[in-house]
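# Commentary on secondary and tertiary structure
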Amino acid sequence: MNAPDDLRYTKEHEWVKVEGNVATIGITDHAQSQLGDIVYVEFPGQGETVTKSDSFGVVESVKAVSDCYAPVSGKVVEVNDSLTDSPETLNEDCYGEGWLLRVEMSDPAEIEDLMDQKQYIAFVAEETA
Amino acid sequence: MPRKTPLYDEHVRLGARIVDFAGWEMPVQYTGVIDEHRAVRAAAGLFDVSHMGQLEITGPGATEAVQYLTTNDVRKMTDGRAQYSILCNERGTVVDDIIVYRFSPTRYMLVVNASNAAKDFAWCRSHLKGNAAIRDKSDEYALIAFQGPLAAKILSNFTDYDLPSMISYHFGEGKVAGKSAIIARTGYTGEDGFEIFTAPADAVHVWQALLEKGKGMGVAPAGLGARDTLRMEMKYSLYGHEITEETNPLESGLGWVVKLDTPDDFIGKAALVDVKKKGLSRALVGFKMQDSGIPRQGYPIIVAGKQAGIVTSGTMSPSLEYAIGIGFVPRESSALGTEISVDIRGRARKATIVETPFYRKKTV
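Residues numbered from 1 in each chain as written. Chains lettered and ligands numbered in written order. Predicted model: local features only at pLDDT ≥ 70, side-chain atom pairs only at ≥ 80, totals over all residues. Heavy atoms only, no water.

Assigned secondary structure in chain B consists of eight helices and 20 strands. Taking 364 residues into account, the globule formula puts the C-alpha radius of gyration at 21 Å, and chain B, at 21 Å, falls close to it. For chain B, the C-alpha atoms occupy an extent of roughly 60 × 50 × 45 Å along the three principal directions. For chain B, with 364 residues in total, the buried portion stands at 60%. Put simply, of all contacts in chain B between residues at least 6 apart along the chain, 65% involve residues at least 24 apart. For chain B, the distance from the average position of its 43 positive side-chain charges to the average position of its 42 negative side-chain charges is 3 Å. (Helix = DSSP H or I, 4+ residues; strand = E, 2+ residues; numbered from the N terminus. Rg over C-alpha atoms; globule rule 2.2 N^0.38 Å. Buried < 20%, exposed > 50% of the residue type's maximum accessible area, 1.4 Å probe, protein only. Contact = heavy atoms within 4.5 Å. Lys, Arg positive; Asp, Glu negative; His and termini not counted. Charge placed at Lys NZ, Arg CZ, Asp CG, Glu CD.)

Since the α-helix packs 3.6 residues into each turn, any two residues three or four apart lie on the same face. All names here are of chain B. Counting buried residues along helix 3 (residues 62–69), six of its eight residues qualify, which places the element largely inside the surrounding structure. Those residues of helix 3 that sit buried are Ala62, Thr63, Ala65, Val66, Gln67 and Leu69. Those residues of helix 3 hidden inside the fold are in contact with strand 5 (53–58), strand 6 (81–88), strand 7 (94–104), strand 8 (107–112) and helix 4 (117–126).

Before going further, it helps to spend a moment on the side chain of Glu10 of chain B. Residue and element names in this part refer to chain B. For Glu10, the position within the fold is in helix 1 (residues 8–13). Here Glu10 falls in the buried class, since its relative accessible area comes to 8%. Setting aside residues no more than four positions away along its own chain, Glu10 makes contact with Val204, Trp207 and Gln208.

A word on the pairing of strand 16 (residues 300–303) of chain B. All names here are of chain B. In strand 16, alternate side chains face the same way, and those of Pro300 and Ile302 on one face and Ile301 and Val303 on the other are all buried. In this sheet, strand 17 (residues 306–316) lies alongside strand 16 in antiparallel orientation, the contact comprising four bridges. By the bridge assignment, Ile301 is partnered in strand 17 with Gly309. Count of turn residues in the strand 16/strand 17 antiparallel hairpin: two residues, of which Ala304 carries a positive phi of about 50°. (Pairing = 2+ DSSP bridges.)

Across the contact, 15 residues belong to chain A and 20 residues belong to chain B. Of all residues in chain A, Tyr40, Val62 and Lys63 of chain A bury the most surface against chain B, accounting for 42% of the area lost on that side. Counting across the interface, chain A meets chain B through five salt bridges. We note a salt bridge from Arg345 of chain B to Glu60 of chain A, for which the minimum N-O separation is 3.2 Å. Connecting chain A to chain B are 14 residue pairs in polar contact (both at pLDDT 80 or more). For the side of chain A that touches chain B, the secondary structure elements donating two or more residues are helix 1 (29–35), strand 4 (38–42) and strand 6 (55–61) of chain A. Looking at the side of chain A that touches chain B residue by residue, the classes come out as seven nonpolar, four polar and four charged. (Buried area = accessible area lost by both parts, 1.4 Å probe. Salt bridge = Lys/Arg side-chain N within 4 Å of Asp/Glu carboxyl O. Polar contact = N/O pair within 3.5 Å; in protein donor to acceptor, adjacent residues only side chain to side chain. Nonpolar A, V, L, I, M, F, W, Y, C, P; charged D, E, K, R; others polar.)

Right, dumping it as structure tokens:
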């Protein structure tokens, strides 16, 4: 399983990359692999707010709908619109071109609640055991 | 403990993701649903459907017994014919959809859904009429579906059976890759293809032979995921979705296998005659999404601003590359071209009722 060491992770298999006050959010390699062929995404628009632990959108494979949960709270400052036309990017490059949202964090301390790489890998190992 | 088919180790070796389906550990996908779906449409796919049940009804009264259990007209069958049919209960709703195979007037086999196999056996046994016996032969068969435009050509390398003479919904007994098999020209994908019944011990040999030969021609193993998207593109019913014990076969568009005009009785006939007389209140339709979003089972269908129906199945169609759905709508709103909406996560998304099957084979 691929999980970069410079990201933080949720139990719902989202990742967060923090740069200053802005958090880039995506889904993990484990999540995309479990879902299979991703064919549809739906996210809030720029300027909307997301709340930590609340569902902010969905990623759908041919077979299933999967909710995405916000790892942090804040205002959406950028949305990866290219995923609307090319949702398969999430399967191909979930940590790069397949990012979902950029959020201006309202409470950067929320990051401390998230798992680091080691914790996340252990979490997935336990969950799939 | 979930059960394993004789092909389980093959699936694992091929890298399948295994899921629990109807109490069986089954491959949902190998490389990916879309790839597998396209392999079936372009070349051929191999499906393990050994989890399905086989019930054998034999005896001097077998024809009468099957005629009473099923909605279609068994008396029209000849030896070596297969017939799509329905088991109904007295209320005229669906116990299961099945395929009936006639070996002789005194020997029939019913192939039933895995999820209903135990229920169907109990149902048929307790409603078995006249001089006939029923046996659950599910453990005596493995079942491989080999489906796609290249299936006949590839299979002909492995059998002495005269495949070109076998037309759709016929079957015969012969050898496949040296093993005794029942070969039926049936399937659930909309493609030409076969369902091959073998002894459990022979399944791996037959599976490997077909896959090895077909690999260079685009043949791939295909899982339950592709099986579902392929059947949805054809608007074929799936038990638990389009047909249930709460739906009757007439409203699900299966009137063509419900023969109310024969002199024979069958379980549910009186109820269905009544349903037909009163007229149907809803119809099962296929629709294409106009707005974004994928319809899924259970989503409400909205007609003229009011919730009026329900989605039974939906997906992003791998062949058509747009979202399609199947669902019940009021009869008066079921005409082709009718604009409906599907409530997807609280928002009404536009869709149009379209002709089905959604997918039609290119005829070149």
